[in-house]
Protein chains: 2
Amino acid sequence: MSEENEWSEYAARLIADAGLRRSTPRQRVIELLAEQSCAITALQIDAALDGVGRATVYRAIEQLEELGLVHKVDLGGSAFGYEKLEPSGHHHHHIVCDDCGKVEPFEDEALEDAIHDIHRKGFKLETHEVTLHGHCADCS
Amino acid sequence: MSEENEWSEYAARLIADAGLRRSTPRQRVIELLAEQSCAITALQIDAALDGVGRATVYRAIEQLEELGLVHKVDLGGSAFGYEKLEPSGHHHHHIVCDDCGKVEPFEDEALEDAIHDIHRKGFKLETHEVTLHGHCADCS
DNA sequence: ATAGTAATGAGAATGAATCTCATTATACGA
DNA sequence: TCGTATAATGAGATTCATTCTCATTACTAT
């Protein structure tokens, strides 16, 4: 099974388990998010899905976030980006060019290890977000 | 010299080097940022400084950011936070409770080491931001 | 002191995100 | 399958952080 389908079926299951209905608009948001390999903004989703209202897009994202299916990331632009959270835990972080706004995903095992070694009394840690800032080759 | 004064004098120097004038409103923004031990929003700065216009606060922050004196952080709320960047490079990251919004700073040497070992071809890295998300003791 | 111009503040404008509420569609029991 | 309860939706209004405009003020160098 492709990773996209895996995630969207996983999402459908958690939605059902939460007692929410399987509505077409929400399903379309899920499928669009499933196709992305990196973050996408709420307004991009809204623009991509004709016939799905903006409010529905934001509501769907909010629910998916609460279920731990989607992660909000600040990529330096004017709007937030959202990306799916694989049930496997596999994920990437981002490098942002502060000049042109270009975003590139990256993965680093040592970084993940260091983060998982962090424990803070009184906090149950769930997710984390790492963003590296700098200048890309074109802007240097 | 206290760390606050160190930073605000460093900031004043970079402002001057950039050919900008030493204006009272901008100086007050710098001093307020210098006093903070963690992030503060633009509107909090605006509210704290009577007689300093909102536009001036945002403009000052923007300039300080460009000079590498201030760092913007997304702490999950509706507005961004800003905090001073010590010339020594000494800094902290943040743990956010996704339920109540509480923010706590933390430092971790192993994490910093792992980040400094990351190199990405075609990118000149400058700063980084790490945010851990979870639930605090009160919300668990 | 004065001229040149960076900087400011009040308020308007923008734009992402949220809210409202009348309408529609889904799930579930009969 | 039908009917009902109610979750979910969409259009548009609203909120609120941030940015822009522009006439006025105040640094700075001469």
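Located above this text is the structure these notes cover.
Numbers given to residues run from 1 along each chain, matching the order in which its sequence is written. Whichever chain is written first becomes A and whichever ligand is written first becomes 1, with later ones labelled in order. Since the coordinates come from a predicted model, pLDDT governs what is reported: local features require at least 70, and pairs of side-chain atoms require 80 or more to be given and counted, while whole-chain, interface and lining totals use all residues. Each side-chain value is worked out from all heavy atoms of the structure, with water and hydrogens disregarded.

Draft legend 1. Layout of the interface of chain A and chain B. Every residue pair with non-hydrogen atoms within 4.5 Å of one another is taken to be in contact. Taken together, the 34 residues of chain A in the interface contact 34 residues of chain B. The term buried area means the drop in 1.4 Å probe accessible area that two parts suffer when joined, counted for both and summed. Roughly 2900 Å² of surface becomes buried between chain A and chain B when both sides are summed, with 61% attributable to carbon and sulfur atoms. Three residues, Ile-118, Phe-123 and His-133 of chain A, lead the burial of chain A against chain B; their summed loss comes to 20% of the area buried on that side. Salt bridge, as used here, is a side-chain nitrogen of Lys or Arg placed within 4 Å of a carboxyl oxygen of Asp or Glu. Where chain A packs against chain B, one counts two salt bridges. Polar contact is defined as a pair of N or O atoms within 3.5 Å, subject to the rule that within protein one atom must be able to donate a hydrogen and the other to accept it, and that residues adjacent in sequence are counted only when both atoms are side-chain atoms. At the boundary of chain A with chain B, the tally comes to 14 residue pairs in polar contact (both at pLDDT 80 or more). What counts as a helix is a DSSP run of H or I of at least four residues, what counts as a strand is a run of E of at least two, and both are numbered from the N terminus. Breaking the side of chain A that touches chain B down by element, the ones donating at least two residues are β4 (93-97), β5 (103-106), α5 (109-116) and β6 (123-136) of chain A. Both β6 of chain A and strand β6 (residues 123-136) of chain B contribute to a ladder of 13 bridges, which runs antiparallel. Across the sheet, the residue bridging to Cys-136 of chain A is Phe-123 of chain B, located in β6 of chain B. Here a strand pair is declared whenever DSSP counts at least two bridges between the two strands.

Draft legend 2. Just the packing of aromatic side chains, in detail. When two rings of Phe, Tyr or Trp (its six-membered ring) have centres within 6.5 Å they constitute a pair, described as stacked for plane angles under 30 degrees, edge-to-face for angles over 60, and tilted for the intermediate range. Under the criterion given, the structure shown has one aromatic pair over all chains. Residue placement shows Lys-72 of chain A over the ring face of Phe-80 of chain A; its charged tip is 4.2 Å from the ring centre. Criterion for a charge above a ring: Lys NZ or Arg CZ within 6 Å of the ring centre, and within 35 degrees of the ring normal.

Draft legend 3. Looking closely at the protein's contact with DNA strand C. One heavy atom suffices: a residue is near a molecule or strand as soon as one of its heavy atoms comes within 4 Å of it. Near DNA strand C there are 21 residues, and of these Tyr-58 of chain A together with Ser-23, Arg-26, Gly-51 and Thr-56 of chain B occur at the shortest range. Arg-26 of chain B has a polar side-chain atom sitting 2.7 Å from a phosphate oxygen of DNA strand C. At 2.5 Å, a side-chain N or O of Thr-56 of chain B approaches a phosphate oxygen of DNA strand C. Secondary-structure elements contributing two or more residues to the surface near DNA strand C are α4 (54-66) of chain A together with α2 (24-35) and α4 (54-66) of chain B. Residues that form the surface near DNA strand C fall into these classes: nine nonpolar, six polar and six charged. For this classification, the nonpolar set comprises Ala, Val, Leu, Ile, Met, Phe, Trp, Tyr, Cys and Pro, the charged set comprises Asp, Glu, Lys and Arg, and every other residue, Gly included, is treated as polar.

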